[in-house]
Structure formats: C-alpha cells, structure tokens
Amino acid sequence: MNQACPTTPEDIAFYGKNGFIQYPGFFSKAEITTLRNAIDHAVAANRERIIGAPGGGRGSEEYEQVFNQMVNLWTDYPTVKPFAFHPRLAESARRLSRSRHVRIYHDHAMVKPPGQSSRETNWHQDAPYWPMHPVGALSAWVAVDDVTLENGCLRFVPGSHKFGKQEGIKLDKAGESIVAKMAERGQEMPGPVAMEMSAGGVTFHHGCTFHSAGPNRTDQPRRAFAIIYIPDNTTFTGGSDAAGAADEMTPGGPWDHPLHPVLAGDA
C-alpha cells in the first residue's frame with residue numbers, strides 16, 4: 001500500500017469534465033482478498049447496516065435486493081481500516097476534488113445479491129442523501145470482485161455532475177430514475193459508460209454524477225467497498241445522522257469529529 005498516488009493533472013481534467021474516473025489494478029490480489037474476507041465475515045455475522053440506528057439501519061426487503069450495505073466498517077473491523085483510510089485513495093480524492101484536504105464521511109460495503117431476486121440500483125445521485133454544502137464530495141468505489149455488466153458493475157453518465165444536485169431517488173422503488181426525470185424535463189445527455197473492471201480496480205465519482213448498477217444475474221454475490229470523501233470547504237447542513245455524528249456537530253458549521261478525520265492534505 002505504499003505506491004505513489006496515480007492521479008495526474010490530466011486525470012483531474014478528465015474528472016472535471018466527466019464526473020468520474022477509473023483506475024484499474026489499484027489494489028493487489030492479496031489486498032483485495034483481505035478486504036473480501038472482512039466483508040464476508042461482516043455479512044456472516046449479520047453486522048448491522050448502521051451501528052446504533054433503529055433496527056440496525058436496515059430498511060425494506062426490496063432495498064436488500066438492491067444491495068446489502070454496511071456503513072463504517074472501519075470502526076469495528078481493524079482489517080478494513082487500512083482501506084478506508086488508504087493514503088493513496090485519499091490523496092487521489094483530494095487532488096480530484098481540488099481541495100486542500102479531505103475527510104472521510106464514511107465507508108460502506110455493498111454486496112449485490114445474486115440470482116433472479118437481484119434488483120437494479122436505480123439511476124441516482126449521491127449528493128441528495130448527504131448533509132453537506134456545497135456539493136463536491138466524492139466516492140471511491142473499490143471492486144472487491146471482478147465487476148461486469150452481468151453482475152452489476154457501475155454505469156456513469158458523463159458530465160451529468162454539471163446538472164448540480166437534483167432530487168433524491170428511492171433505490172427500493174422499481175422504475176425510479178433521475179435520468180428519466182431529466183429526460184422528462186427536456187434535458188439531453190450522453191449515453192452511459194459501463195465501468196467493468198477486475199477485482200482491485202477503483203473508480204471515483206462526484207456526488208452529483210448520475211450512476212446506476214444493473215442486477216446481478218450470476219450465481220455469486222458482487223462485492224464492492226466505497227469510501228466517501230468530504231472536501232475542506234464543506235459545511236454540515238444537519239437533518240441527517242452524519243454517519244453517527246449529527247448530535248455532536250452544528251448545522252452550518254464545519255465537519256470536525258473523530259468519526260470524520262482528515263485523511264489527506266493539511267487540516
């Protein structure tokens with residue numbers, strides 16, 4: 001995990017134009033095996049989606065068919081913390097967001113179940129669900145398994161982050177789609193780009209980038225691990241659990257909490 005950050009000025013320009021970027025082979029097979037084993041253990045142990053939330057943060061059965069999500073694994077799985085706090089990932093996020101420093105919002109493992117019950121992840125943005133202003137936060141998405149169109153790889157609409165924050169989409173309601181809503185408003189946009197990649201690859205995407213993932217039509221789960229990064233100019237807007245820290249921060253104030261340390265750059 002001590003290699004140099006791969007993000008170049010050309011990458012920053014590409015991300016600024018498209019709202020996403022891909023880095024194949026970011027992690028080694030041995031590293032990904034460690035992360036995969038930790039996620040499998042968390043699933044087998046029925047680890048809560050959000051520790052401390054009512055019902056463990058779990059919602060509808062339909063949502064679980066989209067993916068089984070577990071937030072802040074770094075807080076109780078020591079083998080996960082080096083990935084959630086990974087310095088090359090965080091430095092890439094800092095450079096791509098053109099910020100002085102980035103904090104972690106939270107990590108989350110996402111396991112898309114296999115088979116005929118697996119459901120599409122609806123076209124959506126992430127920013128409507130995050131208690132942050134201005135928009136600019138971004139996610140690193142790590143392929144823990146090989147990801148393909150067949151098992152539900154991510155798909156992005158290039159340049160869609162430039163539309164800014166739109167309304168939230170219900171991920172457990174079939175047919176909900178921010179792309180469809182924008183089309184109804186007469187907005188034209190390019191076709192999606194599929195992010196197929198081998199295990200160990202990483203994508204970054206802006207919180208306003210339209211993205212989705214198809215159902216997993218294989219007989220094996222599709223595992224992924226994401227980390228959300230908060231740029232230094234971001235304030236907490238309130239009205240959310242803030243990954244466990246809402247009661248200890250002030251709406252309109254800065255992000256400053258032990259659950260959200262600076263991972264790259266100068267604090």
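Scroll up a little and you will see the structure.
Residues numbered from 1 in each chain as written. Predicted model: local features only at pLDDT ≥ 70, side-chain atom pairs only at ≥ 80, totals over all residues. Heavy atoms only, no water.

When its volume is computed, the second largest pocket comes out at roughly 200 Å³. If you trace the second largest pocket, you find 14 residues lining it, with Leu-96, Ser-97, Arg-98, Gly-136 and His-206 closest to the centre. The class makeup of the residues in the lining of the second largest pocket is five nonpolar, seven polar and two charged. (1 Å grid on protein atoms, 1.4 Å probe; cavity = no way out; pocket = protein on both sides within 12 Å on 5 of 7 lines; lining within 4 Å. Points joined across faces, edges and corners; volume = space filled by probe spheres on them. Nonpolar A, V, L, I, M, F, W, Y, C, P; charged D, E, K, R; others polar.)

Further remarks concern the packing of aromatic side chains. Per the counting criterion, the structure on display carries eleven aromatic pairs. Between Tyr-23 and Phe-26, the aromatic rings sit 6.4 Å apart at their centres with planes inclined by 70 degrees, giving edge-to-face as the arrangement. With relative accessibility at 8%, the residue Tyr-23 sits in the buried group. The class for Phe-26 is buried, based on a relative accessible area of 5%. Centroid distance Phe-236 to Trp-255: 5.4 Å. Interplanar angle 75 degrees. Geometry classified as edge-to-face. Of this pair, Phe-236 sits in strand β12 (residues 235-236) while Trp-255 is found in the loop between β12 and β13 (262-265), placing the two residues 19 residues apart along the sequence. The burial state of Phe-236 is the same as that of Trp-255; both residues are buried. Following the ring pairs from residue to residue traces out a cluster consisting of Tyr-23, Phe-26, Phe-27, Phe-83 and Phe-204. Here the guanidinium or amino end of Arg-88 rests over the ring plane of Phe-26, the centre of that ring lying 4.1 Å away. (Phe/Tyr/Trp six-rings, centres within 6.5 Å; stacked < 30°, edge-to-face > 60°. Buried < 20%, exposed > 50% of the residue type's maximum accessible area, 1.4 Å probe, protein only. Helix = DSSP H or I, 4+ residues; strand = E, 2+ residues; numbered from the N terminus. Lys NZ or Arg CZ within 6 Å of the ring centre and 35° of its normal.)

Turning next to the environment of Asp-232. Assignment of secondary structure puts Asp-232 in the loop between β11 (222-231) and β12. Along the backbone, Asp-232 and Gly-265 are 33 residues apart, and their C-alpha atoms lie at a distance of 9.3 Å. In contact with Asp-232, not counting residues within four places along its chain, are Ser-99, Arg-100 and His-101. (Contact = heavy atoms within 4.5 Å.)

In this structure, Glu-91 sits in helix α5 (residues 87-96). Given the relative accessible area of 16%, Glu-91 is considered buried. With residues near it in sequence (within four places) discarded, Glu-91 still touches Cys-5 and Ala-264.

Counted by the stated rule, this structure contains one cavity of 30 Å³ or more. Here the largest cavity defines a volume of roughly 40 Å³. In terms of lining residues, the largest cavity is bounded by Ala-127, Trp-130, Met-132, Pro-134, Val-135, Gly-136, Ala-137 and Gly-207. Broken down by class, the residue content of the lining of the largest cavity amounts to six nonpolar, two polar and no charged.

This part takes up unusual backbone geometry. Cis geometry is adopted by the peptide bond preceding Pro-134, which originates at His-133 and carries an omega value of -5 degrees. On the secondary structure map, Pro-134 appears in the loop between β5 (132-133) and β6 (138-143). Phi at Asn-46 is positive, roughly 55 degrees, even though this residue is not glycine. Within the secondary structure, Asn-46 is located in the loop between α2 (29-44) and α3 (61-66).

Across the ten residues that make up α5, a large majority, seven, are buried. All of the buried residues in α5 are Arg-88, Leu-89, Ala-90, Glu-91, Ser-92, Ala-93 and Leu-96. Where α5 ends, the next residue or the one after it, Arg-98, has phi of about 50 degrees, a positive value.

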